[in-house]
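# Report on the structure
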Amino acid sequence: MTGEEPDAGGDPPSVAIADPLLSPPTSPLDLPFDVPSLLALSRRGQWRAVLDAVAVARRSHGLLPHHHLVCLAVSALALSKLRRFSDAAAEIDALDAPLDSPRFRFESYPSSYPGRSGSMVPFALRFLHADLPQRLGTRSVTVDRLYALFDLVRSKILEETTTASADLWRRREVFVIASLCCNHFVHREFEAALALVRLLLERDPSDPLLLSRLGYVQLQIGDLTGAKASFARLENLHPSGERTVELENLVGRNKALEFIVVKDYAAAVREYEECIERDPADVVALNNKALCLMYSRDLSDSIKVLEGALERVPTAALNETLVVNLCSMYELAYVNHGDVKKTLSNWIAQVAPDDFDPSCTRI
Amino acid sequence: MSGQLQGGSPSNHSLAFRVMRLCRPSFQAEEAVLRLLDPLDLLAAEDILVDPSLPPDDLLRISDPSTPDAVANSDFTFRDRFQIRNPVDAMALSGLLIVPQSFGNIYLGETFSSYISVNNSSKFEARDVIIKAEIQTERQRILLLDTSKSPVESIRSGGRYDFIVEHDVKELGPHTLVCTALYNDGDSERKYLPQFFKFIVNNPLSVRTKVRTVKDNTYLEACIENHTKSNLYMDQVEFEPSQQWTATRLETSEYSAEANSETRGLLKPPVLIRAGGGIYNYLYVIKSTIEEFGQSKVDGSSILGKFQITWRMNLGEPGRLQTQQIYGTPITQKDIELQMLDIPPIIILERPFQVHLSITNQTDRTLGPFEVFTSPGISNDEKFVMVNGIQKLVLPPLEASNSNIFDLNLIATGLGVQKISGITIFDVREKKLYDPLPDVEVIFLFFFFFVHSFLNRRYILLIVCTFFHGNADLC
């Protein structure tokens, strides 16, 4: 290693250490943008504004190497949310070195980060780097990268010395396994999906969300006995007196699914109505109740439920799947469905976040 | 158009049919839209907690999904489209169902179910509406709905009359759903509206069977191949044998005991046959319910039975099929049964050894006399086991259902694992050569005996061999 420090971002690092602006950050979240407002924009789905904020940050002076990487991660995420996948991929590719390169480690910049070591890559950047190829048509690259990420996370868990950091990497491990499981599910590779659910259950055999999702995979396959067992196990582990509203609704929705399987739509609707009474913003219950009404020959009421949900709890109900279902119902109910879909589409354009996929109205 | 069938609809009609196939819904994984993340993973270096001087609480507060936004007055709006609450949420399966997005394929054995809506998109009322729906195939017409006896009095302007039809698909090939409405329009003119929706029914599965006889057992192997575009969950595959047979399914339990017994029952792998050509094999052993010895010869066209198959797709969508009758080849009973009874436990190179054999006459008449010898066989491999002494052993005639035990004197000329092969029986009178005894593998050794006199102790090193019978050819 020479005396020259390698540069992560492309700008030459400033020299004067006396300048207070360049002293090493006291907090790792000392970033070139205001963190709370960036998070607020993200939570409101204002991704164009996020992109603008990052662009401004990137132009500021005295950026340290890790600032560039965080800006890159946020920018790549915002571009992905806006469905500008090739732009996002191009930005990550411009790094010109793999994420494991020494260029992206704190110890490569001892004057900027005295005494610090470790990787400065934001974990989300690794995930986005893995996720993007499938958005651009090469799913196999995504799967390979996700499994490689799985390997990386597992070796980090073994290396970590503090409990807090090991726990953090364990959460990331669950995240990666769950992402892989989703990927296999979407591509109908159910045996692989089940194997990964099994891995997750080994770590937490009583997680109600996990048991429910196992049930959903089994139902999607058609394994009704398996799904019944999964839901029953959930109910046994979390008996009725001790449940939160959220858990009570989860159990109720699972019961409704079992009614749907035997085509007892009236009973399913009753379950969903109980869920909606406990939580009027339970969008899954609202959406699925509408489907049950449709399957009971009550197309008018099914449309009313979905339209009502969008009116009463718009930010919860504005969901691409719900809109797809509503548009399917419009197509069935109206010969001239173009008009009613256009009205819906206009309303969505005013209310929806930047990352809402407008193609779901199929206009 | 989602799930819609293309049907002609003349524009001078007040009414029009809208049709949507109603197979069961599916779970939607919302990962295409959402990429939920932990803000800490986005804004901080991944090794952020490696540095012990940094306060972890500050950092982890950012990950906490219940922290209100300082700027936005606890406005949670679209937070759940950005911030992950639980890492397991990356599975993106909230339980949201989605209606079928396309008509899809229809297969024999499924139930065709459809939502049919008669819409009045005109400004005038339609009265006395007689609605009929039927399925037409090459062979028949099946009536699904007929309101002739009680016509729909009125469908107002902008109104609808809906119904759901179901039909178990039992024929292959082209099908047409014919919907007709006979009604009085705004001018009190009696109008007739026919609409046609066509679809094709294909074969979902093929079942190939093989019947084999190995030793005294008959095995039925069935290979199910999936021709559909979906993975099929095999809910039930049952072989129903005809009266004179019983069938037992043979299956391996690949699913070994799980370390975590709590999850064991939940995760028995389902039998899932992949779309577009995946296969799965089933194996049964067939036994005759007629137990008489020597009477199990059945003529060549014996009916073994048939398969009942039930499969399921998303949310339990069922399909059912039955195969045609499966015929089996009879269990052949050999006239002469030759068996190797005994081989010496230790066989030493170049020293003669004896094998005990038995010959059984399984017919109802006297057979023989016989000659026993080792035949060279088809291959030109050098043989390391030979008959020691007279090459042909003569055996006297054997009466019906009788056995005879005899010895064959053999010698080994090669070390290691070798085969005793080609022991053949020849019926001299009928001039009939029987199939040779299946190969038997044995190990031939040197026998070491050393006496080591050291401190008045003797050491004997003895290598004990194991021998095993070569398997009968199961192919």
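Please read all numbers here as calculations on a predicted model, not as lab measurements.

## What about the overall build of chain B?
A count of helical and extended segments in chain B gives 3 helices and 31 strands. Going through the 475 residues of chain B one by one, you find that 47% of them count as buried. Look at the contacts in chain B between residues 6 or more apart in sequence, and 70% of them connect residues 24 or more apart.

## Points about the overall build of chain A
Helix and strand counts for chain A come out as 17 helices and 0 strands. With the C-alpha coordinates of chain A rotated into their principal frame, the extents come out at 75 × 50 × 40 Å. The contacts in chain A between residues at least 6 apart in sequence include a share of 54% that link residues at least 24 apart. Just so you have it, chain A exposes about 15200 Å², and 54% of that area is on carbon and sulfur atoms. Charged side chains of chain A number 39 positive and 49 negative; the gap between the two group centres comes to 3 Å.

## Concerning the side chain of Glu-271 of chain A
Along the polypeptide, Glu-271 of chain A turns up in helix α12 (residues 265–278). The charged side chain of Glu-271 of chain A is buried without a salt bridge, its nearest counter-charge being Lys-255 of chain A at 5.0 Å.

## Observations concerning the nonpolar core
Counting residues in hydrophobic clusters, the biggest one holds 145 residues, and the most contacted among them are Phe-33 of chain A together with Leu-43 of chain B. In contact with Phe-33 of chain A, other than residues within four places in its own chain, are Leu-38, Ala-57, Val-70, Cys-71 and Val-74 of chain A together with Leu-43 of chain B. Counting 49 residues, the second largest nonpolar core, distinct from the first, contains Val-152, Phe-163, Val-201 and Leu-232 of chain B.

## Remarks on the confidence of the model for chain B
Residue and element names in this part refer to chain B. Looking at chain B as a whole, its pLDDT mean stands at 80, while 78% of the residues score no less than 70. With pLDDT under 50 throughout, residues 293–300 is counted as low confidence; its partners more than four residues away or in other chains account for 8 contacts. As scored by the predictor, the complex reaches a pTM of 0.78 and an ipTM of 0.90.

## Thoughts on helix α4 (residues 85–93) of chain A
Residue and element names in this part refer to chain A. Of the residues making up α4, those classed as buried are Phe-85, Ala-88, Ala-89 and Ile-92. Viewed end-on, α4 has its buried residues packed into an arc of 95 degrees, placing them on one side of the element. Buried residues along α4 sit in contact with α3 (65–81) and α5 (123–135).

## Some words on the sheet that holds strand β24 (residues 370–374) of chain B
Residue and element names in this part refer to chain B. Pairing within the open sheet is antiparallel, and its 4 strands lie in the order β26-β24-β29-β30. Each end of this open sheet is capped by a strand with a single partner; those strands are β26 (393–395) and β30 (432–433). As paired strands, β24 and strand β29 (residues 423–427) are joined by 5 bridges and run antiparallel to one another. If you follow Glu-371 over to β29, its bridge partner there is Phe-426.

## Side note on the pattern of salt bridges
The tally for this structure, following the rule as stated, stands at 43 salt bridges over all chains. Ionic pairing is found between Arg-84 of chain A and Asp-87 of chain A, a salt bridge with its closest N-O pair at 2.9 Å. Given the relative accessible area of 39%, Arg-84 of chain A is considered partly exposed. The exposure class of Asp-87 of chain A is partly exposed, given its relative accessible area of 35%. Residues Asp-38 of chain B and Arg-171 of chain A are paired through a salt bridge, measuring 4.0 Å at the closest nitrogen-oxygen approach. Linking Asp-38 of chain B in the loop between β2 (26–29) and α1 (39–43) with Arg-171 of chain A in helix α7 (residues 163–186), this pair reaches from one chain into another. Here the salt bridges do not stand alone but share partners, grouping Asp-100 and Arg-126 of chain A together with Glu-46 of chain B into one network.

## Observations concerning the sheet that holds strand β9 (residues 160–168) of chain B
All names here are of chain B. Taking strand neighbours across the sheet as the criterion, the 3 strands line up as β1-β5-β9 in an open arrangement whose pairing is antiparallel. A single partner strand is all that each edge strand has here, and the edge strands are β1 (15–21) and β9. Averaged over all neighbouring strand pairs, the angle between strand axes comes to 20 degrees, with direction disregarded. Pairing of strand β5 (residues 111–120) with β9 involves 9 bridges; the strand directions are antiparallel. The partner of Tyr-115 across the bridge, within β9, is Ile-164.

## What to know about empty space enclosed by the protein
Here the structure, examined in full by the defined rule, presents 5 cavities of 30 Å³ or more. Estimates place the volume of the largest cavity at around 90 Å³. Looking at the largest cavity, the residues that line it are Leu-168, Arg-171, Arg-172 and Phe-175 of chain A together with Leu-37, Asp-38, Asp-41, Ile-84 and Pro-87 of chain B. For the lining of the largest cavity, the element with the most residues is α7 of chain A, which contributes 4 residues.

## Quick word on the packing of helix α1 (residues 35–43) of chain A against helix α2 (residues 47–59) of chain A
All names here are of chain A. Contact pair α1 / α2: the axes reach a minimum separation of 8 Å and the direction vectors enclose 155 degrees. Put simply, α1 runs roughly antiparallel to α2. Here the hand of the crossing between α1 and α2 comes out left-handed. Touching Leu-38, Leu-41 and Ser-42 of α1 are Trp-47, Ala-49, Val-50 and Ala-53, all from α2. Considering only residue class, the contact of α1 with α2 consists of 6 nonpolar, 1 polar and no charged.

## Re the packing of α7 of chain A against helix α8 (residues 190–203) of chain A
All names here are of chain A. For the pair α7 and α8, the least separation of the axes is 8 Å and the interaxial angle reads 160 degrees. By the angle between their axes, α7 is roughly antiparallel relative to α8. As α7 runs across α8, the sense of the crossing is left-handed. Counting all contacts with α7, which are made through Glu-173, Val-174, Ile-177, Ala-178, Leu-180, Cys-181, His-184 and Phe-185, the residues of α8 involved are Phe-190, Ala-192, Ala-193, Leu-196, Val-197, Leu-199, Leu-200 and Arg-203. The class makeup of the residues in the contact of α7 with α8 is 13 nonpolar, 1 polar and 2 charged.

## Some thoughts on the packing of aromatic side chains
Residue and element names in this part refer to chain A. Inspection of every chain in the model, using the stated rule, returns 18 aromatic pairs over all chains. Geometrically, the ring pair formed by Phe-127 and Phe-175 is edge-to-face, given 4.9 Å between the ring centres and 65 degrees between the ring planes. Remark: Phe-175 occurs in helix α7 and Phe-127 occurs in helix α5; sequence separation between them is 48 residues. Like Phe-127, the residue Phe-175 is buried in the burial classification. Cluster of aromatic residues (ring-pair linked, three or more members): Phe-106, Tyr-109 and Tyr-113. Between the NZ or CZ atom of Arg-116 and the centre of the ring of Phe-106, over which it lies, the distance is 3.9 Å.

## Examining unusual backbone geometry
Residues and elements named next belong to chain B. Here the amide bond leading from Gly-368 into Pro-369 is cis, since omega sits at 0 degrees, within 30 degrees of zero. Structurally, Pro-369 can be placed in the loop between β23 (353–361) and β24. Phi angles above zero are rare outside glycine, and Glu-350 is one such case at about 60 degrees. Looking at where Glu-350 falls in the secondary structure, it is placed in the loop between β22 (347–348) and β23.

## Overview of the interface of chain B and chain A
Chain B puts 96 residues into the contact, and the matching count from chain A is 120 residues. Summed over both sides, the interface of chain B with chain A buries roughly 9800 Å², with 60% coming from carbon and sulfur. Its largest share of buried area at the contact with chain A, chain B owes to Arg-35, Glu-46 and Phe-78 of chain B, together 9% of the area lost on that side. For the side of chain B that touches chain A, the secondary structure elements donating two or more residues are β1, β2, α1, α2 (56–63), β3 (93–98), β5, β9 and α3 (261–264) of chain B. At 6 residues, β3 of chain B tops the list of elements feeding residues into the side of chain B that touches chain A. For the side of chain B that touches chain A, the residue count by class is 54 nonpolar, 19 polar and 23 charged.

## Thoughts on the side chain of Thr-361 of chain A
All names here are of chain A. Of note, Thr-361 is situated in the segment after α17 (337–351). A distance of 3.1 Å separates a polar atom in the side chain of Thr-361 from the backbone oxygen of Pro-358. Once you skip the residues sitting within four places of it in the chain, Thr-361 turns out to touch Val-323, Cys-327, Lys-341, Ser-345 and Ile-348.

What counts, and at which threshold
Residues numbered from 1 in each chain as written. Chains lettered and ligands numbered in written order. Predicted model: local features only at pLDDT ≥ 70, side-chain atom pairs only at ≥ 80, totals over all residues. Heavy atoms only, no water. Helix = DSSP H or I, 4+ residues; strand = E, 2+ residues; numbered from the N terminus. Buried < 20%, exposed > 50% of the residue type's maximum accessible area, 1.4 Å probe, protein only. Contact = heavy atoms within 4.5 Å. Areas by Shrake-Rupley, 256 points an atom, 1.4 Å probe, with all protein chains shown as cover. Lys, Arg positive; Asp, Glu negative; His and termini not counted. Charge placed at Lys NZ, Arg CZ, Asp CG, Glu CD. Salt bridge = Lys/Arg side-chain N within 4 Å of Asp/Glu carboxyl O. Core = buried A, V, L, I, M, F, W, Y, C linked by side-chain atoms within 4.5 Å. pLDDT = per-residue confidence, 0-100. Arc of directions from axis to C-beta. Pairing = 2+ DSSP bridges. Axes fitted to C-alpha atoms, helices over the stretch in contact; angles between N-to-C directions. 1 Å grid on protein atoms, 1.4 Å probe; cavity = no way out; pocket = protein on both sides within 12 Å on 5 of 7 lines; lining within 4 Å. Points joined across faces, edges and corners; volume = space filled by probe spheres on them. Parallel < 35°, antiparallel > 145°, perpendicular 65-115°, else oblique. Left-handed = near helix turned anticlockwise from the far one by under 90°. Nonpolar A, V, L, I, M, F, W, Y, C, P; charged D, E, K, R; others polar. Phe/Tyr/Trp six-rings, centres within 6.5 Å; stacked < 30°, edge-to-face > 60°. Lys NZ or Arg CZ within 6 Å of the ring centre and 35° of its normal. Buried area = accessible area lost by both parts, 1.4 Å probe. Polar contact = N/O pair within 3.5 Å; in protein donor to acceptor, adjacent residues only side chain to side chain.

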